[in-house]
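Structural description and commentary
One-letter residues, chain by chain:
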Amino acid sequence: MPRPVRVGHIGLSFHDAAAEQVELVLRSHGHDVERTSAPHSLMFEALGRSEVDVLVAAWLPWSHGQYFAPLADKVRMLSVLYEPYPIWGVPDYVPAEIASIPDLLSPLALDRMDRRIQGMAPGAGISEMSPRAVREYGLDGAGYHFENGTEDDCIGRFVDAVGDQQWVVMPFWHPQALHARFRIRRLQDPKVILGATDNATLLVLRDSEQLIGEAALADLAQLYIGNEMLVRLDEAVRKRSSSPYTDFSA
């Protein structure tokens, strides 16, 4: 009897939501599925060691390119599930005059804006690029600083700030469930330091293609979720978790 298909995903809720859809396709073809999660670099390393058969999903070419490059010959880029992109955002009650990252140095911003830019764990593209943005836009000279944390640290900081009507910068991304509950205005990034739109690419280990089978691979190659749907799927995943914002009324 064939072994289960091992589906790996990065340990964040929206990657979990996308992996659920991949799992449904595999189960529709009679496969048992074992699903595991890990931080960004560790999950790509697991794929490189052939410890997972499918990875959901590599954000290419920007955010995860450095993790993908060493194992590009071992995998098949099967489909694009959605089109993510990183942002620095502010709550929509922050005046529209603060429209770009350089505007964080304006007198208006310096008078009110919290200088802590609370991020998530190292390894995520937004976590790697945000400290560079702080330096290259000269924000550090005004006291702005980026701090790593967990996904819930990042989200919780934003939710708390909105509750108190504080001005805060959120290093974040689309798609994610928080966008279904809050209006987060994207700050323009004229130097394109944060990167641009990626393709969330489903990767399949070439050595595992026979196990998965042509019919299942063909269906997975047609799988497209899209940003808007993934926001809703991610919100469903977050409602099953101990999220710091599931009971917040926006």
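Criteria and thresholds
Residues numbered from 1 in each chain as written. Predicted model: local features only at pLDDT ≥ 70, side-chain atom pairs only at ≥ 80, totals over all residues. Heavy atoms only, no water. Salt bridge = Lys/Arg side-chain N within 4 Å of Asp/Glu carboxyl O. Helix = DSSP H or I, 4+ residues; strand = E, 2+ residues; numbered from the N terminus. Buried < 20%, exposed > 50% of the residue type's maximum accessible area, 1.4 Å probe, protein only. Polar contact = N/O pair within 3.5 Å; in protein donor to acceptor, adjacent residues only side chain to side chain. 1 Å grid on protein atoms, 1.4 Å probe; cavity = no way out; pocket = protein on both sides within 12 Å on 5 of 7 lines; lining within 4 Å. Points joined across faces, edges and corners; volume = space filled by probe spheres on them. Nonpolar A, V, L, I, M, F, W, Y, C, P; charged D, E, K, R; others polar. Pairing = 2+ DSSP bridges. Axes fitted to C-alpha atoms, helices over the stretch in contact; angles between N-to-C directions. Contact = heavy atoms within 4.5 Å. Left-handed = near helix turned anticlockwise from the far one by under 90°.

Quick look at the pattern of salt bridges now. Across all of its chains, the model carries 16 salt bridges by this definition. One salt bridge in this structure joins Arg35 and Asp16, with 2.7 Å as the shortest N-O distance. Here Arg35 is found in strand S2 (residues 33-38), whereas its partner Asp16 is found in helix H1 (residues 13-28), with 19 residues between them in sequence. For Arg35, a relative accessible area of 28% gives the class partly exposed. With a shortest N-O distance of 3.6 Å, Asp92 and Arg183 are connected by a salt bridge. In this pair, Asp92 sits in the loop between strand S5 (85-91) and helix H4 (107-112) while Arg183 sits in the loop between strand S8 (170-174) and strand S9 (184-186), placing the two residues 91 residues apart along the sequence. Salt bridges sharing common partners tie together Asp16, Glu23, Arg27 and Arg35.

This part covers the side chain of Gln176. With respect to the secondary-structure elements, Gln176 resides in the loop between S8 and S9. Accessibility expressed as a relative area gives 0% for Gln176, which makes it buried. Engagement of the side chain of Gln176 in a polar contact is seen with the backbone nitrogen of Leu178, the distance being 2.6 Å.

The subject of this paragraph is empty space enclosed by the protein. In this approach a probe as big as a water molecule rolls over the atoms, and the regions it shows empty are the leftover space. Per the counting criterion, the structure on display carries one cavity of 30 Å³ or more. As a volume, the largest cavity reaches approximately 80 Å³. Surrounding the largest cavity, 13 residues form its lining, His40, Trp59, Ala124, Gly125 and Ile126 being those nearest its centre. Contributing elements (two or more residues each) for the lining of the largest cavity: H1 and helix H5 (125-136). Across the lining of the largest cavity, the residue classes break down as eight nonpolar, five polar and no charged.

Reading across the sheet, the three strands line up as S8-S5-S9 and stay open at both edges, with antiparallel pairing between neighbours. Single-partner strands in this sheet number two, and they are S8 and S9. The average undirected angle you get between the axes of adjacent strands in this sheet is 55°. Pairing geometry for S5 and S9, over three bridges, is antiparallel. Opposite Val90, over in S9, you have Arg185 as the bridge partner. This element, H5, spans S5 and S8 of the sheet and lies at about 60° to S5.

Moving on, we get to the packing of H1 against helix H8 (residues 214-221). Orientation of H1 relative to H8, taken along the N-to-C sense of each, is 150°, at an axis distance of 9 Å. The element H1 and its partner H8 pack so that their crossing is right-handed. Judged by residue contacts, Val22, Val25 and Leu26 of H1 engage Ala216, Asp219 and Leu220 from H8. Within the contact of H1 with H8, the residues separate by chemical class into five nonpolar, no polar and one charged.

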